[in-house]
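Tertiary structure, described
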Amino acid sequence: MKIHLKLPSLPGVAALKAGLRRAVRPVLWLAAAGFCGAALGLASVFLYLDPQIPPTATYSDYSFETPLRIYTADGKLMGEFGDRRLIPVALADVPQHFIDALLDTEDKRFYEHVGIDFISLANDIVGLLASDVRTGASTITMQLAKVVSFTHEQVFIRKFKEMILALKVERDLTKDEILELYVNIMAFGKHAYGVQAAAHTYYGKPVGELTLAQLAMLAGVVKKPEGGNPINGPEWALERRNLVLRRMLAQGSIEDAEYRQAVAAPITARVFSREIDLPAPYPAEWVRQRLYERYGADIYSGFIAHTTVDADRQAAAQRALREGLIDYDRRHGYRGPEGRVAAADPALTAAQLADHRPINGLEPAAVTDIAERSFTAVRRNAETAVVDWEGMRWARPFLTVDSRGPAPKTAADVVSVGDVVRIARDGDGWRLGQLPEIQGALVALDSRTGGVEALVGGWDFHAKQFNHALQAGRQPGSSFKPVVYSAALENGVTPATIFWDSPLVFNDANLETTYRPRNDSNDYRGPMPLREALFRSRNLVSKRVQLRVRSGPVIEHAVRFGFDAAMLPRDTQLAIGGGSMAVSPMDMASAYAVFANGGFRVEPHVISRVERLDGSVVLESRHPQVCDPCQPTEEAAADSPAQPPRIISERNAFVMDSMLRDVIKRGTGRRARVLERPDIGGKTGTLDDATDTWFNGYHPHLAASVWVGFSDRRPIGAREWGSTAALPVWIDFMREALADEPVVQRLIPDGVVSVRVDPGTGTVASADSPRAVFEYFYEERVPQRARPGMRPERIDQPGRVRPEEIF
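Let us look at the structure shown here. All values reported here derive from a predicted model rather than from experimental measurement. (Residues numbered from 1 in each chain as written. Predicted model: local features only at pLDDT ≥ 70, side-chain atom pairs only at ≥ 80, totals over all residues. Heavy atoms only, no water.)

Moving on, we come to the pairing of strand β13 (residues 429–433). Of all the 5 residues making up β13, 4 are buried; the element is thus mostly covered by neighbouring parts of the structure. By the bridge criterion, 5 bridges tie strand β12 (residues 419–426) to β13 in an arrangement that is antiparallel. Note that in β13 the partner of I423 across the bridge is L432. Hairpin geometry of β12 and β13 is characterised by an intervening segment of 2 residues between the two adjacent antiparallel strands and by a positive phi of about 70 degrees at G427. (Buried < 20%, exposed > 50% of the residue type's maximum accessible area, 1.4 Å probe, protein only. Helix = DSSP H or I, 4+ residues; strand = E, 2+ residues; numbered from the N terminus. Pairing = 2+ DSSP bridges.)

Here you go:
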């Protein structure tokens, strides 16, 4: 039974209803208009910003950056450049504790939202609106968008872009794909990007081997990677780690016992150095520069460069130059301490050495105690070292480059308590050292291919990146004479041609005084054959050779060796490698390779192959190789580059080689006889003012040049020569570099004959001549036979020379 209750119709109630309808209708219209306006506004914002949003393919095909790695020819890592981004780690291989730490701290609703966490969005907007408040992105997806596609500047427009891009990324990628990309590209400080890189950087092990405390530490670093990592900001990092652990406990990701153990753990992070097999910064930086010039910043996206550098020879070059510069420095005296510290307990003293880094085996140390003939010093690690008398007796005070003070008699004559000195290992003990001011360079290249097998550009790359091996324009001095003599052989001169070693005077109206060149030894030996003039390095003979040949042909000949004609003086300084000449050790090594390989000019190069992480080849270097007298098969010839150009005849190269070997057997390079090798040749070089010293030499398979001098062109000492400063470095290097090289015997080429001659006259000697020697000649230039009473031809005898006679 239904009961119907009908209210009475009252005029007041009807009026009330009508009034309510009139009041609500405008509000509803206003709300509808507001909703439509907001929708239109959001649509407008979307239509405006959407074209500015990068495609999501950026994320699905993300290219992970890894350092440019540079390897020697035998696979030793010698250099690495760029941020430390390792090969990405799969999400399945990331410990669950690390994933929980990230999600519980950064985005606990990650697997629930669609890229935007609307619950926390309001807080983010408030943070962006407040000028004095800075907030981070609210979700992991939005953080990923910021890192990959946007700047870190906190502005509204960027925030809206992040939101739109986050929605797109969530549409195209799965949650696990997003999280995997995130853990592999986020910054962790100390040039570590990605959790795997961070694990190796801070703990020296893969992420899978880290403890809960270490994983929580890394998860916290993401918030503030540079200032909040455990090295730069240990206090902040510890507080952040403990916050991460508390949130993990609150979310049930870890048990209370795990939390207590992890929160009590100390900071165990430290910076682990990269695993460089053979630190070789000079060739590595050269390779980096060459690749950057060609490919730009792409080289830091996973390039692997393989070079021609031989690891053993590079190590030998670095040792040889290091010891050679130290030996020079010790010969000239001790310059005193490089600083002072307040002597206290060992730990405090060691802390004061923080600004003094170890360099080339020379450690900083602070003197704490002095005995009669020894002293004790504290090292940077707070351990002590004792330097006995044998390790310090060399330290006579440095006065000038040519003078030293008296020899020390006690340790107190050398050091004082509080001195910051350098010490180096000496067997089981220690010796006093100092950082050399002298510089040097060494270049060694395969004379058959031009591949650089060793390169050292100075004393310490980290202190001075200038590469003297490539960039230094220095005067070669007498080491340029073989090029002049090679030109002479092409212009009618023979090794037996007699020249006068006697004074010369050059008259020039443009000069206020006449020019009177001299020999380094300030003496004159009269007539002598060309061969002897070279191995004795007689300057006056070299100038007469140039006068005989003239400067034009000499310059043309030198250009074939790769020298820049603009750098070659058009006066008699050309004969002795002086004047305006400016060449690098690389230039000289390349030139001497011509004598080593039989007359071919090879192009120096250091890069053999460049590839990416996936093995795809970016660049493969192909260079001509000397193949003489070998006869490659037709198939091999098709696969190999052409032979390099021949710039001097085989006859010229053979005769010059015989003369340069005499430099070592009988001349200024005779210290190298200690190597006991008949197949090496070379030439010393010393400038008149002793600013540059050289030794350029070779084995038939390896050409090597050594330069020693000051960067600012100060004289290195009146008693220093190419034979004292540069040659010992070359010897030490070649001793190791040629240890496994067989002795090479060069065969006499067609068109060259060996004839007994009288060295005093340069003519063919009689059968009974007691002083006759064998000499090599082009067969068409064999001299006449000596006659009784014959005297040597007076070629370019003493006299005055006019400028027009030179060129």
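Now, onward.
With that settled, the discussion passes to the sheet that holds strand β20 (residues 617–620). If you walk across this open sheet you meet the 5 strands as β2-β1-β5-β19-β20, and the pairing is mixed. Lying at the two open borders of the sheet, with one neighbouring strand each, are β2 (77–81) and β20. Neighbour-to-neighbour, the strand axes of this sheet turn through a mean angle of 15 degrees, independent of strand direction. Bridge count between strand β1 (residues 68–71) and strand β5 (residues 304–307): 3 bridges; the pairing is parallel. (Axes fitted to C-alpha atoms, helices over the stretch in contact; angles between N-to-C directions.)

Within the largest apolar cluster, 115 residues are counted, with the highest numbers of intra-cluster contacts made by F480, Y485, V545, F561, F563, W730 and F733. When neighbours within four sequence positions are excluded, F480 is seen to be in contact with A558, F563, L568, L574, G577, M581 and M588. By size, the runner-up hydrophobic cluster in this structure holds 43 residues, among which are Y182, V207, L245 and I254. (Core = buried A, V, L, I, M, F, W, Y, C linked by side-chain atoms within 4.5 Å. Contact = heavy atoms within 4.5 Å.)

Here we take up the pattern of salt bridges. This model, assessed by the stated rule, comprises 33 salt bridges. Its salt-bridge partner being E80, residue R69 comes within 2.6 Å of it at the nearest N-O pair. Of the two residues, R69 is situated in strand β1 and E80 in strand β2; the sequence distance between them amounts to 11 residues. For E80, a relative accessible area of 14% gives the class buried. (Salt bridge = Lys/Arg side-chain N within 4 Å of Asp/Glu carboxyl O.)

Once that is clear, we can look at the sheet that holds strand β23 (residues 702–709). Taking strand neighbours across the sheet as the criterion, the 5 strands line up as β15-β14-β23-β22-β21 in an open arrangement whose pairing is antiparallel. Both outer strands of the open sheet, β15 (452–456) and β21 (681–686), are each paired with one neighbouring strand and no more. When the angles between neighbouring strand axes are averaged without regard to direction, this sheet yields 5 degrees. Here strand β22 (residues 692–699) pairs with β23 via 8 bridges, running antiparallel. In the strand pairing of β23, F695 is matched with V706. Lying on the sheet, helix α22 (residues 650–666) is in contact with β21 and β22; it crosses β21 at an angle near 65 degrees. Relative to β22, helix α23 (residues 722–737) is tilted by about 30 degrees, and along the sheet it contacts β14 (439–446), β15, β21, β22 and β23.

Together, D93, D176, E177 and E180 make up a region of like negative charge exposed at the surface. Counting through the fold element by element, E180 comes out in helix α7 (residues 175–185). (Patch = residues over 30% accessible without salt bridge, like charges linked within 9 Å, V, L, I, M, F, W, Y side chains within 5 Å. Areas by Shrake-Rupley, 256 points an atom, 1.4 Å probe, with all protein chains shown as cover. Lys, Arg positive; Asp, Glu negative; His and termini not counted. Charge placed at Lys NZ, Arg CZ, Asp CG, Glu CD.)

Moving on: the side chain of H605. With respect to the helices and strands, H605 occurs in the loop between α20 (585–597) and β19 (607–611). Within the structure, H605 has its side chain in polar contact with the backbone oxygen of E603 (distance 3.0 Å). Beyond its immediate chain neighbours, meaning those up to four positions away, H605 contacts T308, T449, G450, G451, V452, S621 and H623. (Polar contact = N/O pair within 3.5 Å; in protein donor to acceptor, adjacent residues only side chain to side chain.)

Position of V443 among the secondary structure elements: in strand β14. In this structure the C-alpha to C-alpha distance between V443 and S584, which are 141 residues apart in sequence, comes to 9.7 Å. If sequence neighbours within four positions are ignored, V443 has contacts with A454, L455, A469, P585, M586, A589, A703, A704 and S705.

Together, K108, K223, R246 and R247 make up a positively charged patch on the protein surface. Locating K108 in the fold gives a position in the loop between α3 (96–106) and α4 (118–129).

By themselves these figures say nothing about function.
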